[in-house]
Structures are given as structure tokens and as C-alpha cells.
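Listed below, chain by chain, are the residues.
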Amino acid sequence: MSELAGITSGDGGREREVDHPSSLVATFGPDEPLRLDCGVDLAPFQIAYQAYGSLNSERSNAVLVCHALTGDQHVANIHPVTGKPGWWETMIGPGRPIDTERYFVICANVIGGCMGSSGPASTNPSTGQPWGLDFPVVTIPDMVRAQAMLLDRLGIDTLLCVAGGSMGGMQVLQWAAAYPERVFAALPVATGPRHSAQNIAFDEVGRQAVMADPDWRGGRYFAEGTHPRRGLAVARMAAHITYLSDAALHRKFGRRMQDRELPTFSFDADFQVESYLRHQGSSFVERFDANSYLYLTRAMDYFDMAADHGTLAKAFLGTRTRFCVVSFTSDWLFPTPESQAVVRALNAGGARVSFAEIETDKGHDAFLLDVPEFLDIARAFIDSAAVARCLGAGHTTS
Amino acid sequence: MNEQATLPLPATGPANGEAPRVDHLLVAEMVEHGSRVLDIGCGDGDLLQLLESRGVDGRGLEISREGVNRSVAKGLAVIQGDADTDLASYPDDSFDYVILSQTLQATRQPRVVLEHMLRIGRRAIVSFPNFGHWKMRLQLMIKGQMPRTDRLPATWYDTANIHFCTIKDFVQLCDEINVRMERAVALDPYGRPLRFNAPWWFWNLFGEQAVFLLGRGEAGAHK
């Protein structure tokens, strides 16, 4: 129990990042509201983002990276709260597939997040207190709309590529459907065009864990000086299992014991896998806001492109965006058929689409890990998009 | 035709620097510049790469994961799928040409595949090894065993090729399903085209492989 019970260290870093992030910030005033799907105009609001590399004079080398549920804008730099490397350094950086020496890479914290973009942990300007559950419910299209406003602010019209995995992949698909003329190439990874019933079910377990924690206080834990650490940690533990696979867990931990030879005949963390999950839970609460977790899982649950457009094919009808869809064999959160549904819809519209299923036992998290076959494909796809874009520019001027 | 999609890709010809295969060159010659092409069973994408280097907007379908990944790594638009099951999801008239290169004999339902090809594309290009070649016939007659050649070395029990046919068989199928033959070429074992005006029986005996350019029949069975 020790690890979960002993979570007391200060939330100072996390709380500071909420309103005053160690990032670039774009603020939007009362005259520039973000129109949300729930009908609310959110204003004022802010978007925290990181940028790497430099924008060329034609403004044609911008790559937007969309982060997953518990990710943030710190894709390729030391994280200001955890001190750990960026979450996608296998993909982004000098000489990496998304090469920061060639491309201008932007990643923004999503609306509803807790690393500097407006979300439930941010200060509600009308009360001076954290929004809590008064923050409007946001959707994946809302996140993308906010990112589009950021790009307008940065003067970037067209993106060379939008890339992301999991919830980030949902945003990639939404980008391609909502702003087809602004997306030259799209790289949705380990994702799907909707959240399945099983995924909604897992999310609900996580939310119930948070809300069952007496320290959650109906979402008003800021005012009461608490944080539902145990509930959020349990939510993270349950979710983390879905990011791995049976084979990966077996390979990493098997039935091995943690610092002991024999069972203790107690409910201590006898097994390594228990200890690992407790660590995942306890370290997560140090950097993430519990209400944000509720909002972002909800946004994923609501995502259903086919319902939004009538059919999935209609979402991409007439698109000129080139796509590379990638799934992983052991991903049971977004299994390959989810990606295939996207591919079929794109094919029906005659889109230029590639699709690769990568063999790995690393589960859903494979998109974050050093999986060379995946990284090679991403590199080739982005390189060919870059070449096509330059040629395109040459053709129109000649 | 959409401008973006017809842009050529950077690489030209096979990445390993080898000269393109003769049957690939022959197929490429049959494809008009700037057209949209679906290559079914595109393998490592060598033919698609050759086509794109010639200004064709190419897409590929490949059953093996390794083939798909190698193709995508070449910057080609290739998806993983099975010709026997996945062609039905392609809309009518979505391509100018649908190519089946050395794959017909590996499909479970060659006739259905061929019909889909001419539904999806205005034209189809099919190449296949000719099981009527004299070496095949000789092996069966003299040794009494299923023929194996340098190009088709697999034994009967581990081959992916489950529907071998001869040139004559293929022509017969085309007649049956009202497919118009626009061009046909038979290649000898050295990849040289046989005499154009030779009779079918000559091609069937001396052609090691054949390449057919097919169109929809006049009767309108396929629109």
C-alpha cells in the first residue's frame, strides 16, 4: 500500500503549469471565443504550445503533433514537472522521422488539459477560482478548432503533416475531415474513427474511481485543499493495463516477486506487476489534474466520426490529403479493424492512403516506443509528403 | 485528375538499383501517362515505384505485412488487404487501370477477382505464368510430377499458387465473362516477347508468361 498511501509530495509544479505554463502561450480575448460543440462560447481562453525548428519563408514546413489523453505539448523537451524526456522523442527531434532541422514542429496542449491550455484546473476569469466542473464539456472537434485558431494566430495556413497517436490520432482524423484544405498529409496512429463500447467502459471505470475518492469533493477539491490522488491513481492503473498487452506484461514481469522470494500472505505489492502499476498510478497524479482526466476521457467517448457525418466515407469525401494509417498487432484498445475502417472509408473516396499494421507485442503504447519498423514508415511517409509538396510548389509557379 | 495526387515520387525504379523486371516494363508501357492505377498484390512495390516514376498515380493492395511495410517505406500508397475479400469495398470506376501482376494464380476466386478488376477500373492488366509452357508439360509427362521451375520453385504442398492456368485457359475465361482483350504479349523464358502474329497454340506452348491488357466487353455486362 505504501506507494499509493504515501503520496504527499507537493503539487506546486503541476499547479503552476495550469495558468502559467513553461511554454509559449496564445491568449484569445472575449472577442475571439472558441465555439464549443456543447453550445458554449469559451472566452477568454488560452492555448499553451511548444514549437521546435523554424518555419520556412513559404510557411510550408509546419508539422502539427497532437498529443494523447495524458500527454501534453512537451513532445521533445525535458518535461517541466517530471524532469523526464519528451513523450515522442523517438519520432521528433534532429534527424528523427519528424526532423526538427527540416520542419517547424508545433504541439499544443489540448483544450480541457492541465498543462497551460484552458481546462477545468485553469482559473475561471469570472470567479478567480479554478473552473472545476463548471468548465464546459469539450470534444475532439473542439480541441481541433482551438488548434486551428492557434495556427491562424501563428500565420500558418497549411500543415505539411498532422501526426498523432491514440487521442492524438483522433485529432488527426478530425483535422483531415474538418480542414481538408489545410492538411497536406495525415499520420493517424493507433487510433480509430470512434471510441468503442469497450473503451467507453474502461473510461467510465476510471472516472468512477476518481469520483469515488472522497477527496474529489464533487470536483471542488481545489477549494477544499485536497486532490483525489488515490482515485486518479487507480484510474491510471486500470487505463495503463489497456495500453500494454498480455504478452508485454508477461515479458516484463511474468509472475516475478517484488524484492521477496515468497508471498507475504497480505495485500502488499508481492508481484512486480503490482508494484509497477502502483508506481504508474502514483507518478501520474503528480503531473495530472483529476478533473482534466474526466473531461478528456469524455471527449474521447463522444468521438464518432461516422455519426457526425452520416457515414465515415462522407467525412473524407473528395479529400486531397495523403494519409498513412498505422496500427499495431497487439493493440487491443484501438485494434487494427478500427484503422481498417478508416482506410476503407478513404479508399471509397479515392484518397491517397497507405496502411500498415506493425507486428509488436508492445500493445497500444507501441506508438510511443522505439519500434523501428513504425518509425521507418513514418519517416518515409513524411519525407515523400515533403518532396511532393515542394514539387507541387514548383509546378504551380512554372 | 487531381494535381496533388499525380505528382511523381522521388525515387525512380527499384531501390536496389537493379534494372526493372521485363514484365514490369511491359505493364508500364501499357499504362497511359497520368492515369490512376491500382496494383493488386503489389509485393514490395517495385512495379508501383516504376509506374510512379513515370507520372502515374498509383495505389497498392498487398496481403503480406512485410510487403506493405516495405512499400510504404518507399513512400508508396499501399494498404494491407486480400484481393479475394477486399476488392468488393472499392467503388466502381475508381481507377483507370487495375493491375494483377503474377498474382492471379494465387487468388481463391480468379474469376471474381477479374470481374472486380473491370468493375473498379476501366481497364485491367493481368500477367501470369503460363502453365501450358512446354517445360511444364514435359515435366508432367516425363516425370509424372507437378512441374517446378526456377521461377516457380515451390512444391505443390507449400505453394501459394493454387489456381494455375494456361494462356488458352485464360483466353477462354475472358470470353466467358465478356472481357475484351485489347493487347496480349507472351514472353519466352528470357523475357523476350514472342512473335506477335504467332497463333495462340504457339504462345501457349512457348510463352513462359503472358501479359494481357483487358477492357470491358461490348455487351455492357460490366457497364
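Residues numbered from 1 in each chain as written. Chains lettered and ligands numbered in written order. Predicted model: local features only at pLDDT ≥ 70, side-chain atom pairs only at ≥ 80, totals over all residues.

### Remarks on the nonpolar core
Residues and elements named next belong to chain A. Val63 and Cys161 are the most contacted members of the largest nonpolar core, which has 172 residues in total. For this core, the element with the highest residue contribution is helix H14 (residues 372-397), accounting for nine residues. Not counting chain neighbours up to four residues away, the residues in contact with Val63 comprise Ile98, Tyr103, Phe104, Val105, Leu159, Leu160, Cys161 and Ala163. (Core = buried A, V, L, I, M, F, W, Y, C linked by C-beta atoms within 7 Å. Buried ≥ 20, exposed ≤ 12 C-beta atoms within 10 Å, placed from the backbone. Helix = DSSP H or I, 4+ residues; strand = E, 2+ residues; numbered from the N terminus. Contact = placed C-beta atoms within 7 Å.)

### Digging into the sheet that holds strand E2 (residues 57-62) of chain B
All names here are of chain B. Taken together, the seven strands give an open sheet; going across it, the order is E3-E2-E1-E4-E5-E7-E6, and neighbouring strands pair in mixed fashion. Two strands lie at the open edges of the sheet, namely strand E3 (78-80) and strand E6 (179-187), each paired on one side alone. Each adjacent strand pair in this sheet contributes to an overall mean axis angle of 15°, direction not counted. One ladder, built from four bridges, connects strand E1 (residues 36-40) with strand E4 (residues 95-101); its direction is parallel. Each bridged residue has a counterpart across the sheet, and for Leu38 the counterpart in E4 is Val98. The sheet strands contacting helix H7 (residues 167-176) are strand E5 (121-129), E6 and strand E7 (209-216), and the helix crosses E6 at an angle near 170°. (Pairing = 2+ DSSP bridges. Axes fitted to C-alpha atoms, helices over the stretch in contact; angles between N-to-C directions.)

### Details of the interface of chain A and chain B
By a widely used convention, the size of an interface equals the accessible area lost when the partners come together. Taken together, the contact between chain A and chain B spans 25 residues of the former and 21 residues of the latter. Taken together, the elements giving at least two residues each to the side of chain A that touches chain B come down to helix H13 (336-348), strand E12 (352-358) and H14 of chain A. With 11 residues, the single largest contributor to the side of chain A that touches chain B is H14(A). Across the side of chain A that touches chain B, the residue classes break down as 12 nonpolar, five polar and eight charged. (Nonpolar A, V, L, I, M, F, W, Y, C, P; charged D, E, K, R; others polar.)

### Focus: the environment of B:Asp84
All names here are of chain B. Residue placement: Asp84 occurs in helix H4 (residues 83-86). Of the residues examined, Asp84 has 16 C-beta atoms within 10 Å and is grouped as partly exposed. Separated by 134 residues in sequence, Asp84 and Glu218 place their C-alpha atoms 26 Å apart. Once you skip the residues sitting within four places of it in the chain, Asp84 turns out to touch Thr107, Arg108, Gln109 and Val113.

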